[in-house]
Amino acid sequence: MKLYLDPGHGGTDPGAQGNGLNEKDVTLDIALKLRTILLNQYENIDIKMSRTSDITKGLTERTNEANSWGADYYLAIHINAGGGTGYEDYIYSGLSDTSTSAKYQDIIHAEVLKLNGLTDRGQKKANFHVLRESHMPALLSENGFIDNTHDAGLMKQSSWRQNVAQGHANGLAKAFNLPKKAVDPGTGTLYKVIAGSFQSRENADDRVTYLSSKGIDSFVDTVTISGKIWYRVQAGAYGNRANADDRLNELKQVGITDAFIIAE
Ligand SMILES: [Zn+2]
């Protein structure tokens, strides 16, 4: 399943603003957390993100990218504003309630609400660019109101953003029948192959670009160790230690000598 994951706004477009927050930052953090959850916990999922950092990118560029990549699903993450409170999501206004997009909306809507602690504003339809111009089923979620003190208070908590990401992950897994990644049956361990760990985000991004040029998929995850943020390039997660070792050798063959395996 190919997911095009689109954190709304970015760069010169901050999106909605309120309570000291910019929409673009909250959407990016939720989307990055969602990617990590999906890649660590599920098989058969390939993710392309419209952005993984604070860059400016037009709506047409985003939908063109999703269309030419041949995504199976388009998920846009947004934050609301304008004097309300709660959660709502949208499919394209031209679609019926029995469309594939509507069926996925039913599932994801329910799963997100189980974990986000927000009131339910309902499943809606709108003529938004990303919903209309994407050639695959699509959903845009509006995760609380940035100009509402209660909702913004939640947005400021990393644990809330993690829950919102987990809710979307649970919905996607259910909608697309994603198989859970097998963990080591004896120990319940997942072996993550880390192709370098950096204190500079830029160096981590460079590593991802290099690996991609060698045909190896990876992504940047962040961990905090003794109060310091590390940007960890993850190039696979396996329930089987031997598969993780194979991946490690593959990395060594393309010149990555600082790769290692962590068991979680
Ligand atoms: Zn928005």
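Provided above is the structure to which this section pertains.
Here is what the cut-offs are and how they apply
- Residues numbered from 1 in each chain as written.
- Predicted model: local features only at pLDDT ≥ 70, side-chain atom pairs only at ≥ 80, totals over all residues.
- Heavy atoms only, no water.
- Donors = N, O, S within 2.8 Å, 3.2 Å for Na, K, Ca; no water.
- Helix = DSSP H or I, 4+ residues; strand = E, 2+ residues; numbered from the N terminus.
- Buried < 20%, exposed > 50% of the residue type's maximum accessible area, 1.4 Å probe, protein only.
- Expected span 1.5 Å × (residues − 1).
- Pairing = 2+ DSSP bridges.
- Axes fitted to C-alpha atoms, helices over the stretch in contact; angles between N-to-C directions.
- Contact = heavy atoms within 4.5 Å.

Asker: Is there a simple way to explain the coordination of the zinc ion in this structure?
Answerer: Six octahedral donors around a metal ideally make angles of 90 or 180 degrees; four tetrahedral donors ideally make 109.5 degrees. The coordination sphere of the zinc ion, as far as protein atoms go, consists of His9 (NE2), Glu23 (OE) and His78 (ND1), spread over 2.1 Å. In the primary sequence, the donor residues of the zinc ion line up as H-x13-E-x54-H. Residue His9 is located in the loop between strand S1 (2–7) and strand S2 (17–18), and its partner His78 is located in strand S5 (residues 73–80); the two are separated by 69 residues in the primary sequence. Of the residues examined, His78 reaches a relative accessible area of 12% and is grouped as buried.

Asker: What exactly am I supposed to notice about helix H6 (residues 158–175) here?
Answerer: Along an α-helix, residues three or four positions apart point the same way, because every turn accommodates 3.6 residues. End to end, H6 covers 26 Å across 18 residues, agreeing with the expected 26 Å (1.5 Å per residue, within 8%). The set of residues buried in H6 consists of Trp160, Arg161, Val164, Ala165, Gln166, Gly167, His168, Ala169, Gly171, Leu172, Ala173 and Ala175.

Asker: Is there a simple way to explain the sheet that holds strand S9 (residues 191–198) in this structure?
Answerer: Paired through backbone hydrogen bonds, the strands of a sheet run either parallel or antiparallel to each other. The antiparallel open sheet is built from 4 strands, whose spatial order is S10-S11-S9-S12. In this open sheet, the two strands that pair with only one neighbour each are strand S10 (219–225) and strand S12 (260–263). Averaged over all pairs of adjacent strands, the angle between their axes in this sheet comes to 45 degrees, without regard to strand direction. For S10 and strand S11 (residues 228–238), the ladder comprises 7 bridges, and the chain directions are antiparallel. Opposite Asp221, over in S11, you have Arg232 as the bridge partner. Packing against the sheet, helix H1 (residues 23–41) makes contact with S9, S10 and S11, and its axis sits at approximately 100 degrees to S10. Where helix H8 (residues 241–253) meets the sheet, it contacts S9, S11 and S12, and its direction lies at approximately 30 degrees from that of S9.

Asker: Got a minute to help me understand the pairing of S1 in this structure?
Answerer: Where a strand is regular, its side chains alternate between the two sheet faces. With respect to burial, S1 is a largely interior element, 5 of its 6 residues being buried. Two elements, S1 and strand S4 (residues 46–49), share 4 bridges in a ladder whose sense is parallel. From the neighbouring strand, Leu5 faces S4, where its bridge partner is Met49. Bridge analysis of S1 against S5 gives 5 bridges, and the strand direction is parallel. The residue of S5 that forms the bridge with Tyr4 is Tyr74.

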